[in-house]
Amino acid sequence: MANDQIEAWLQENRSFAPSADFAQKSNVTEAEYGRAHSDPEAWWLEQSARLTWTVAPTRSLDWNPPFAKWFSDGMLNASYNCVDRHVDNGFGGKTAIHWIADAENEERVISYSELQQMVARCANALLALGVRAGDRVAVYMPMIPEAVVAMLAIVRLGAMHSVVFAGFSAEALASRIQDSDCRFVVTADGQFRRGTAALLKPAVDEALLNCPSVESVLVVKRTSQEVVWNETRDHWWHELVDSQNSTHQYESFPAEQDMFLMYTSGTTGKPKGILHTTAGYLVGAATTYSNVFDIKPATDICWTAADIGWITGHTYIVYGPLLNGVSQVMYEGLPDSGGRDRWWRIVENLGVTILYTAPTTIRTLMKWGTSHLIGHNLSSLRVLGTVGEPINPEAWMWYREFIGGNNCPIVDTWWQTETGSIMISPLPGVTSTKPGAAMRALPGITIDVVDEQGHSVPNGHGGFLVVTRPWPSMTRGIWGDPDRFAETYWSRFPGTYFAGDGAKRDDDGDIWLLGRVDDVMNVSGHRLSTTEIEHAIVGFHLVAEAAVVGASDETTGQAVVAFVTLKLSDDDQSQDHAAIIEQIRQHVSRVISPIAKPRQIILTPELPKTRSGKIMRRLLRDVAEQRALGDVTTLTDPTVVSMISGLMEQHSTED
Ligand code: WTA
């Protein structure tokens, strides 16, 4: 698809109408928007019937701004809803998870009955270790079925999981465990990445040196590498879990029982523990999964190609699919583990119907070229989704044309860790789609795009994205910090939820997401805080000062670019700058994660600051993206700018 053609389409606001075939069979119709809109609380109460309750709720929303409760007089068990009830309903033999390993020819097919037994055994093991309702359990796991089992077993006991992406460092893991005083950790000895085994447990061992709250660690043997063992603290999964009774009588918990924490980056240096509670979150997950992907549980084979360490994995690998009783693919590896056509072999062999992934991955697949698609039959696909960052029209069109055969609706889904489930997206068979637009708030969700004063912008204008009414899966707060919750999300435009994203309403009133308006970066769909990376860099012994910006990047959306001033004594002056830069990159990787490692570090004698001493990030972004510099009149020392520009030029030629 040529760029000028896409440009032309954007000019004429090109849209794709739903096909008649889809429209006929779609789970919902246009009328759903109106029904939900006329009485959102009644509509959501109706959706709550998607769950099986021990005590059905009669209440919908209790709103004490900014604190919401949903379905608060209901009682239920999350794990029963995801697993046992499907067995009770006669679907025990149905595949719940078709797990594909990083390596070729290694897979596991797990039925709902088997999953039920695995979860029961794990719940019994956790009980034996002392896990009780309300406890926090950290999960630091590769993409293996035991990760899902652990999450379901934890919530089955009314405890909370705090899943930490296995790519995070020991230090990042420790700070998350400390913030919520986790009593337990579930992990694995190691994980496979493109055929290579990498250790995981040593990071846990290192983290726990500073986490006195942790009593026990449950360890899955995945790679069989040598690991250090603490006899009193560590327990092998295959010894403790596998020997447990395969039934577990679940208990019911109140709708608002705390369910999980997911740490995410904010504008300050410290990650925040986003809290979700049980019923509202589950209703959001079940409803949006069914509507946005038009799920037909009897026939669909669903694949959310994400990691359980992020919210997308929570809502659309674990809870949404299992609540809907679908068969799904869970994949351990990278897109090119075993070859660049690995994904398409999986789609073809398993007959995947629903594929959900991030724009970064689509751009990578696109870069690898269509030759890897040749000979693979992808005609089973019927809905394609994207999430995590704005999708550029070129990638959208490539996805539609080459993966979807011009035959699959593309759902560009906007949401956040905080929103719990999808908020803005077209509905297949119902809503028209446009390359690069998330289009429209889902039924039951009310959003607006507002100006600085909080007034709705007219069509054709941009502004800040806000959510104007509470919704069931909204976060209930930041762990241990209710004030930060109110301040971060509810104070900018009082009474409405401020998402931190910019958005535009086009001439038809459809929504386009424009990226973050705060100091949060989005690198390959991962949320990173500029401040957090700056803190990490400044923690390196040779660094005096650092400023980090997100510069646009063709593949990863944004990339981390750091401007750093060194504190070098006269003796150090002769040090090799390239070596220092590499040391700083490794340092960031160690302190946070390899995903936070700067793409580029630019050493500079000074950082550009305003007269009041604020670092001019906008200017640095211009420099990093090699754009003409904007207004520099407020700078204390304009010569710094030309100095930095000079450095930048030097760097671009080195690249
Ligand atoms: C961005 C991921 C544009 C946005 C589910 C948001 C998107 C942040 C989209 C949340 C999209 C997510 N189009 N931007 N379809 N989806 N974002 O918490 O900036 O990891 O605020 O949740 O990702 O990232 P988080």
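Residues numbered from 1 in each chain as written. Predicted model: local features only at pLDDT ≥ 70, side-chain atom pairs only at ≥ 80, totals over all residues. Heavy atoms only, no water.

Draft legend 1. Expanded view of the layout of surface pockets. Its volume calculated, the second largest pocket comes out at about 310 Å³. Secondary structure elements with two or more residues in the lining of the second largest pocket: α16 (482-490) and β24 (497-505). Ranked by residues supplied to the lining of the second largest pocket, first place goes to α16 with four residues. Here the lining of the second largest pocket is built from residues that sort into five nonpolar, six polar and eight charged. (1 Å grid on protein atoms, 1.4 Å probe; cavity = no way out; pocket = protein on both sides within 12 Å on 5 of 7 lines; lining within 4 Å. Points joined across faces, edges and corners; volume = space filled by probe spheres on them. Helix = DSSP H or I, 4+ residues; strand = E, 2+ residues; numbered from the N terminus. Nonpolar A, V, L, I, M, F, W, Y, C, P; charged D, E, K, R; others polar.)

Draft legend 2. Region of interest: the packing of helix α6 (residues 112-129) against helix α7 (residues 145-156). Interhelical geometry of α6 versus α7 gives an angle of 60° and a closest axis separation of 8 Å. Regarding the angle of α6 to α7, the classification is oblique. Seen along the crossing, α6 lies across α7 with a hand that is right-handed. Here α6 contributes L115, M118, V119, C122, A123 and L126 to the contact with α7, which in turn contributes V149, A150, L152, A153, I154 and R156. Class assignment of the residues belonging to the contact of α6 with α7 gives a composition of 11 nonpolar, no polar and one charged. (Axes fitted to C-alpha atoms, helices over the stretch in contact; angles between N-to-C directions. Parallel < 35°, antiparallel > 145°, perpendicular 65-115°, else oblique. Left-handed = near helix turned anticlockwise from the far one by under 90°. Contact = heavy atoms within 4.5 Å.)

Draft legend 3. Empty space enclosed by the protein, seen in detail. Per the stated rule, a full pass over the model turns up four cavities of 30 Å³ or more. The volume enclosed by the largest cavity comes to roughly 80 Å³. If you list the elements that add at least two residues to the lining of the largest cavity, you get α4 (40-47) and α11 (278-292). For the lining of the largest cavity, the leading source of residues is α11, giving four residues.

Draft legend 4. Geometry of the pairing of strand β21 (residues 447-450). Along β21, one buried face is formed by I447 and V449 and the opposite face, lined by D448 and V450, is buried too. Here β21 runs beside strand β22 (residues 462-467); their pairing, made up of four bridges, is antiparallel. Among the inter-strand pairings, I447 is bridged to a residue of β22, identified as V467. (Buried < 20%, exposed > 50% of the residue type's maximum accessible area, 1.4 Å probe, protein only. Pairing = 2+ DSSP bridges.)

Draft legend 5. Highlighting unusual backbone geometry. Residue P66 is bonded to the preceding P65 through a cis peptide linkage, with omega at 0°. Of note in the backbone geometry, R194 takes a positive phi value of approximately 45° without being a glycine. Not every positive phi belongs to a glycine, and D294 is a case in point at roughly 50°. Relative to the helices and strands, D294 is located in the loop between α11 and β16 (301-304). Residue classification places D294 among the buried positions, given a relative accessible area of 2%.

Draft legend 6. Looking closely at the sheet that holds strand β7 (residues 160-163). The sheet built from eight strands is open, its strands ordered β12-β11-β8-β6-β7-β14-β15-β23 with mixed pairing. Of all strands in the sheet, those with a lone pairing partner are β12 (234-236) and β23 (477-478), marking the two edges. Bridge analysis of strand β15 (residues 272-277) against β23 gives two bridges, and the strand direction is antiparallel. Within β23, the position partnered with L275 by the bridge is G477. The sheet strands contacting helix α9 (residues 201-208) are β6 (136-140), β8 (184-188), β11 (216-220) and β12, and the helix crosses β8 at an angle near 155°.

Draft legend 7. Local environment of the environment of P297. Structurally, P297 is set in the loop between α11 and β16. For P297, a relative accessible area of 31% puts it in the partly exposed group. Those residues in contact with P297 that sit more than four places away from it in its chain are K94, N324, G325 and V326.

Draft legend 8. Seen up close, the environment of A503. Topologically, A503 is positioned in strand β24. Apart from residues no more than four positions distant in its own chain, A503 is found in contact with V449, H461, G462, G463, L465, I511, W512, L513 and L514.

Draft legend 9. Inspection of the state of the cysteines at higher detail. Enumeration according to the criterion identifies zero disulfides in this entry. Its sulfur unpaired, C122 is 14 Å from the next cysteine sulfur, which belongs to C82. C302 forms no disulfide, and the closest cysteine sulfur to it belongs to C408, at a distance of 13 Å. On the basis of relative accessible area, C302 is assigned to the buried category, the value being 1%. (Disulfide = S-S within 2.5 Å.)

Draft legend 10. Examining the pattern of salt bridges more closely. Counted by the stated rule, this structure contains 36 salt bridges. When the shortest N-O distance is used, the salt bridge between E46 and R35 registers 2.8 Å. Of this pair, E46 sits in helix α4 while R35 sits in helix α3 (residues 31-38), placing them 11 residues apart in sequence. The shortest N-O distance in the salt bridge between D234 and K201 comes to 2.8 Å. Here K201 lies in helix α9 and D234 lies in strand β12, a separation of 33 residues in the sequence. Accessibility expressed as a relative area gives 0% for K201, which makes it buried. Sharing partners across several salt bridges, the network here consists of K201, D205, R233 and D234. (Salt bridge = Lys/Arg side-chain N within 4 Å of Asp/Glu carboxyl O.)

Draft legend 11. Local environment of the site of the ligand. Contacts to the ligand come from 17 residues, most closely from T413, T417, D501, R516 and R527. Within the contact set of the ligand, a nitrogen atom lies 3.4 Å away from a backbone nitrogen or oxygen of P390. Interatomic distance of 2.7 Å between a side-chain N/O atom of D501 and an oxygen atom of the ligand. Computed on the free molecule, the ligand has an accessible area of 520 Å², of which 96% lies beneath the protein chains in the complex. For the shell around the ligand, the residue count by class is six nonpolar, six polar and five charged. (Near = heavy atom within 4 Å. Polar contact = N/O pair within 3.5 Å; in protein donor to acceptor, adjacent residues only side chain to side chain. Areas by Shrake-Rupley, 256 points an atom, 1.4 Å probe, with all protein chains shown as cover.)

Draft legend 12. Examining the nonpolar core more closely. Formed by 163 residues in total, the largest nonpolar core has its most connected members in L115, L152, F293, Y319, I533 and I537. Shared between two domains, this core takes at least three residues from each, and those domains are domain 1 (446-518) and domain 2 (520-654). Apart from the residues lying within four places of it in its own chain, the contact partners of L152 are S79, C82, V83, L115, V119, V318, Y319 and L322. Membership of the second largest hydrophobic core comes to 29 residues, among which are W368, L378, C408 and I410. (Core = buried A, V, L, I, M, F, W, Y, C linked by side-chain atoms within 4.5 Å. Domains from an automatic or database assignment.)

Draft legend 13. Broad picture of the packing of aromatic side chains. Per the counting criterion, the structure on display carries 31 aromatic pairs. With centroids separated by 4.3 Å and ring planes inclined at 15°, the aromatic side chains of W229 and W236 adopt a geometry described as stacked. The class of W236 is buried, set by a relative accessible area of 14%. The interplanar angle of 80° and the centroid separation of 5.8 Å between the aromatic rings of F493 and F498 together place this pair among those described as edge-to-face. Of the two residues, F493 and F498, neither departs from the other in class, the shared state being buried. (Phe/Tyr/Trp six-rings, centres within 6.5 Å; stacked < 30°, edge-to-face > 60°.)

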